[in-house]
Every structure is written in C-alpha cells, then in structure tokens.
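The residues making up each chain are set out below.
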Amino acid sequence: METEEQARSRFQSELEFVQCLANPNYLNFLAQRGYLRERPFINYLKYLLYWKEPEYAKFLKYPHCLHMLELLQYEHFRKELVNAQCAKFIDEQQLLHWQHYSRKRTRLQQALAEQQQPPQQPPPHGNATAK
C-alpha cells in the first residue's frame, strides 16, 4: 500500500510524463531509442489512458498530450515516430493549430463582447423636439 506522499509523487511524475507526450520531438526520441517497441512501455502507455478522465484531465496544461497518448496506442503510429520527418510534421501541425485557435478564439471573444453590450439607441430626430 502506498503512502499519501508516494501517491502524490506518482501523480506528479505521471502528470509530467503524460504532458511530455505532447512534444513530437520527445516522441521521436522515445521511438529512436526503442522504447515504443517494448511491451512494458506500451502497457504503461495503456495504463496512462486514465488521464483522459475529466477528474484527471483538468490538471493538464497541454491537452494535445491526450491525443498523442491515444495515438500511441496504435502500433503503426509508434513505428512512424522513428522517422524524424513524422515528428516534424506533427510539430508543424500543432503550431498551425495553435495559431489558428488563437486567432479564432480572439474573434469569438470580440463577437461575444459586442453581443453583451447594450444596443445603442439612435439619437432623437431634431424635428421631434422643436415644436
């Protein structure tokens, strides 16, 4: 039975490791060193799927790691990561996503702010006040 301190340490270590999976260059490193072919490591990746549950996912700073964790469940993806070009492509796609997401989010926030402002009333006509 693990102590509360051991559980906290395991939680923190697993949190850090899962978030490292968002880095395609790190995945390439793991693949080139053969970790992604080892059955115990593959089993560990399967075990880490619990991070997809909302009570754990809320602690993640880099949500892309969950998508990578899901993809790492597939042998074909693990094999492709040995190729540095694959990691580079994933890295570029992440950057494009973040750029697009930032612009889109800014536009959505501006539109929401405009909707929340009360509509401006047109100024009264000059003829209505002069009698």
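Conventions adopted
Residues numbered from 1 in each chain as written. Predicted model: local features only at pLDDT ≥ 70, side-chain atom pairs only at ≥ 80, totals over all residues. Heavy atoms only, no water. UniProt positions renumbered as here; feature names shortened; annotations may be inferred. Salt bridge = Lys/Arg side-chain N within 4 Å of Asp/Glu carboxyl O. Helix = DSSP H or I, 4+ residues; strand = E, 2+ residues; numbered from the N terminus. Buried < 20%, exposed > 50% of the residue type's maximum accessible area, 1.4 Å probe, protein only.

As named in an unreviewed UniProt entry, the protein is Mediator of RNA polymerase II transcription subunit 31, taken from Austrofundulus limnaeus. According to the UniProt record, the Subcellular location (unreviewed entry) comment for the protein is "Nucleus". For the record of the protein, the UniProt heading Subunit (unreviewed entry) holds the text "Component of the Mediator complex."

Peer 1: Please explain the pattern of salt bridges as it appears in this structure.
Peer 2: Note on pairing: side chains with opposite charge can pair once their charged atoms come close. Summed over the entire model, instances satisfying the criterion amount to six salt bridges. Between Glu75 and Lys79 there is a salt bridge; the shortest N-O distance is 3.2 Å. One end of the pair is Glu75 and the other is Lys79, both in helix α6 (residues 75–80) and four residues apart, which spans about a single turn. Given a relative accessible area of 55%, Lys79 falls into the exposed group. As a salt-bridge pair, Lys88 and Glu92 come within 3.8 Å of each other at their nearest N and O atoms. Taken together, the residues span about one helical turn, with Lys88 and Glu92 both in helix α7 (residues 84–116) at a distance of four residues.

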